[in-house]
Amino acid sequence: MKRPTIADIASRAGVSKVAVSYALNGQPGVSEATRARIVAIADEIGWRPNSAARALNGARANCVGLALCRPARILGVEPFFMELISGIEGVLADRSYALLLQVVTSHQQESEVYRHWWGESRIDGVFLVDLHYSDSRVSELERLGMPVVVIGHPSESGSLSAVWSDDGEAVRETVGYLVALGHRRIARVAGLPELVHTTVRDQAFAQACAGIGEHAVEHVIVHTDYTGEEGARATRRLLSSPDRPTAIIYDNDIMAVAGLSVAQEMRVDVPRDLSIVAWDDSPLSQVVRPPLTALTRDIPAYGAHAAQRLLALIAGESVPPFEDQAAILTPRGSTGPARLAT
C-alpha cells in the first residue's frame, strides 16, 4: 500500500490540494466545516506529514533521538538502558513525543545518524550517552546546534547540558562498608575503560582503598565490556589467584549475577568466602540467592530528568547542568564479614 497523500485527501473531500494544505496547516482560506471534514478524512486514511514537508515549514517533529553504540544483544539483557528508556518514555508520552532509537557500531556512525536525523527534521533534539574523554560527538553536536542533553559528567560535555550523578561518592561509601566488614583485598570488575564514568569510578576506588588509614587494602581493577560472559571470565581469573579478593564490586548487575554463578561453580561460598556488590539495583539483584548487595538509584527518574530537560531546551529555555541523586548502598545477603582478611 502506498503512503496516503494530500491528493488522496483532496479527491475524497472534493476540494483542491491547496485547500487541503490550508486546512491541515491551520491557515485561513477554508471554512471551519471544510477544515473539519478534511482533518477527519486525513485521520481516517492515516495521512501524516512527511519529514520533507516539516523541513519546509519549520514545524517540530515531536520526536527526539537516542543512538546507542552498544551491541544490540546487550540491550536485551541490560536493565540499566531499559529502565533509563522507560523513564524517558514516561515523560515523552505525556507530551505526545516519540523516541527514535537506533543501535550503531561506532561514534562516527552515531554522528552521521544525528546529522541525518537533524537534516531531515526527523527529530527536535537528542540524548548523548556513554560519554568519552575528548568525545568527538560533543563538538559535532555543538556544531549542529540542535538541543542536546548529555547523560554523563559535565566535565566532558562542553557547552551541552548534562544530567549526571556522583559515582565517586557511591564508590567511596561501598569501599568504606567493605573495609568495616574486615575486607582487605577488594577487586573491581569494571566496564569499558574509555568511558568517563568508568574512569571516575576507577579513580574513586583507588583513592578510597589507598586512604583507609592504618588498614592496608590491596585492590585490583579488571575492565570488561559489561557482558555476563566477560564478568564471568574476570571472576574466574580473580578467584583463581593465590591472593584472591575477599570482595568484588561489579559495574553492573549482569556481571555481578554472572560472578555469583562462577563463585558457586568454584565452590566459593557467598558471602562466607566472598562478598559481592552490584551497581544498578534491578530485580535481577533480588531474585538470585543470596540476593545481591547493590548500589541503588532510581534509573527511571534519571531518564525522566534528562527528558524533562531536553524538552525544555526544545522549548527555548535555558537548562543548566543537573546533578541527580547519587547511588546509595543497599546491603543484602551477598556481603558479610571477611574470613580470609589479613
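Look up: the structure comes first, before these words.
Below you will find a few notes about this structure. (Residues numbered from 1 in each chain as written. Predicted model: local features only at pLDDT ≥ 70, side-chain atom pairs only at ≥ 80, totals over all residues. Heavy atoms only, no water.)

### Focus: the overall build of the chain
Reasoning step 1: If you tally the helices and strands in the chain, you get 14 helices and 12 strands.
Reasoning step 2: Here the chain has a C-alpha radius of gyration of 25 Å; the compact-globule value for 342 residues is 20 Å, and the former is much larger.
Reasoning step 3: Evaluated residue by residue, the chain yields a buried proportion of 50% over its 342 residues.
Reasoning step 4: Taking the contacts inside the chain whose residues are at least 6 apart along the sequence as the reference set, 70% of them involve residues at least 24 apart.
Reasoning step 5: Entry remark: accessible area of the chain is about 15400 Å², with carbon and sulfur atoms responsible for 53%.
Reasoning step 6: For the chain, the distance from the average position of its 32 positive side-chain charges to the average position of its 40 negative side-chain charges is 5 Å. (Helix = DSSP H or I, 4+ residues; strand = E, 2+ residues; numbered from the N terminus. Rg over C-alpha atoms; globule rule 2.2 N^0.38 Å. Buried < 20%, exposed > 50% of the residue type's maximum accessible area, 1.4 Å probe, protein only. Contact = heavy atoms within 4.5 Å. Areas by Shrake-Rupley, 256 points an atom, 1.4 Å probe, with all protein chains shown as cover. Lys, Arg positive; Asp, Glu negative; His and termini not counted. Charge placed at Lys NZ, Arg CZ, Asp CG, Glu CD.)

### Topic: the packing of aromatic side chains
Reasoning step 1: Under the defined criterion, the tally for this structure stands at 2 aromatic pairs.
Reasoning step 2: Ring geometry for Tyr114 against Trp117: centres 5.9 Å apart, planes inclined by 65°, an arrangement best described as edge-to-face. Note that Tyr114 and Trp117 are positioned in helix H7 (residues 107-119) at a spacing of 3 residues, about one turn of the helix. Trp117 matches Tyr114 in its accessibility class, with the two residues each being buried.
Reasoning step 3: The ring of Trp279 carries Arg201 above its face, with NZ or CZ at 3.6 Å from the centroid.
Reasoning step 4: Sitting over the face of the ring of Phe322, Arg309 holds its NZ or CZ atom 3.8 Å from the ring centroid. (Phe/Tyr/Trp six-rings, centres within 6.5 Å; stacked < 30°, edge-to-face > 60°. Lys NZ or Arg CZ within 6 Å of the ring centre and 35° of its normal.)

### Quick notes on the pairing of strand S10 (residues 293-296)
Reasoning step 1: Here strand S9 (residues 275-279) runs beside S10; their pairing, made up of 3 bridges, is parallel. Along S10, the bridge assignment pairs Val277 with Thr293.
Reasoning step 2: For S10 and strand S12 (residues 328-330), the ladder comprises 3 bridges, and the chain directions are antiparallel. Note that in S12 the partner of Ala294 across the bridge is Thr330. (Pairing = 2+ DSSP bridges.)

### A closer look at unusual backbone geometry
When glycine is set aside, most residues are seen to have a negative phi, and most peptide bonds are trans.
Reasoning step 1: Of note, the amide linkage connecting Val270 to Pro271 takes the cis form, showing an omega dihedral of 15°.
Reasoning step 2: Assignment of secondary structure puts Pro271 in the loop between helix H12 (253-265) and S9.
Reasoning step 3: Backbone torsion omega between Arg289 and Pro290 reads 0°, so that peptide bond is classified as cis.
Reasoning step 4: Residue position: Pro290 is located in the loop between helix H13 (283-287) and S10.
Reasoning step 5: In this model, Asp130 sits at a positive phi of 55°, which is unusual for a non-glycine residue.
Reasoning step 6: Looking at the secondary structure, you find Asp130 in the loop between strand S3 (126-128) and helix H8 (136-144).
Reasoning step 7: By relative accessible area, which is 12% here, Asp130 ends up buried.
Reasoning step 8: Backbone geometry places Ser134, a non-glycine residue, at a positive phi of 50°.
Reasoning step 9: Mapped onto the elements of the fold, Ser134 is located in the loop between S3 and H8.
Reasoning step 10: Judged by relative accessible area, which is 69%, Ser134 ranks as exposed.

### Details of the side chain of Thr34
Reasoning step 1: Mapping Thr34 onto the fold places it in helix H3 (residues 32-45).
Reasoning step 2: Judged by relative accessible area, Thr34 falls into the buried class, the value being 17%.

### Remarks on the environment of Gln108
Reasoning step 1: The residue Gln108 is located in helix H7 in this model.
Reasoning step 2: Each C-alpha atom, one on Gln108 and one on His219, is 36 Å from the other, the two residues being 111 residues apart in sequence.

### Digging into the nonpolar core
Reasoning step 1: Val64, Leu84, Leu99 and Phe127 are the most contacted members of the largest nonpolar core, which totals 27 residues.
Reasoning step 2: For this core, the secondary structure elements donating two or more residues are strand S1 (63-68), helix H6 (79-94), strand S4 (148-151), strand S5 (161-164) and helix H14 (299-314).
Reasoning step 3: Looking at this core element by element, the count peaks at 8 residues for H14.
Reasoning step 4: Every residue in contact with Leu84, bar those within four places of it in the chain, is listed here: Ile151, Ile299, Tyr302 and Gly303. (Core = buried A, V, L, I, M, F, W, Y, C linked by side-chain atoms within 4.5 Å.)

### Quick word on the sheet that holds S10
Reasoning step 1: Within the open sheet, the 6 strands sit side by side as S7-S6-S8-S9-S10-S12. Their pairing is mixed. Because the sheet does not close on itself, it has two edges, and the strands there are strand S7 (218-223) and S12. For this sheet the average axis-to-axis angle between neighbouring strands, irrespective of direction, equals 20°.
Reasoning step 2: In terms of strand pairing, strand S6 (residues 185-190) meets strand S8 (residues 247-250) through 4 bridges, oriented parallel. When the sheet's bridge partners are listed, Ala187 is paired in S8 with Ile248.
Reasoning step 3: Those strands touched by helix H9 (residues 167-180) are S6, S8, S9, S10 and S12, and its axis lies near 170° from that of S9.
Reasoning step 4: Set on the sheet, H12 makes contact with S6, S8 and S9; between it and S9 the angle comes to about 160°. (Axes fitted to C-alpha atoms, helices over the stretch in contact; angles between N-to-C directions.)

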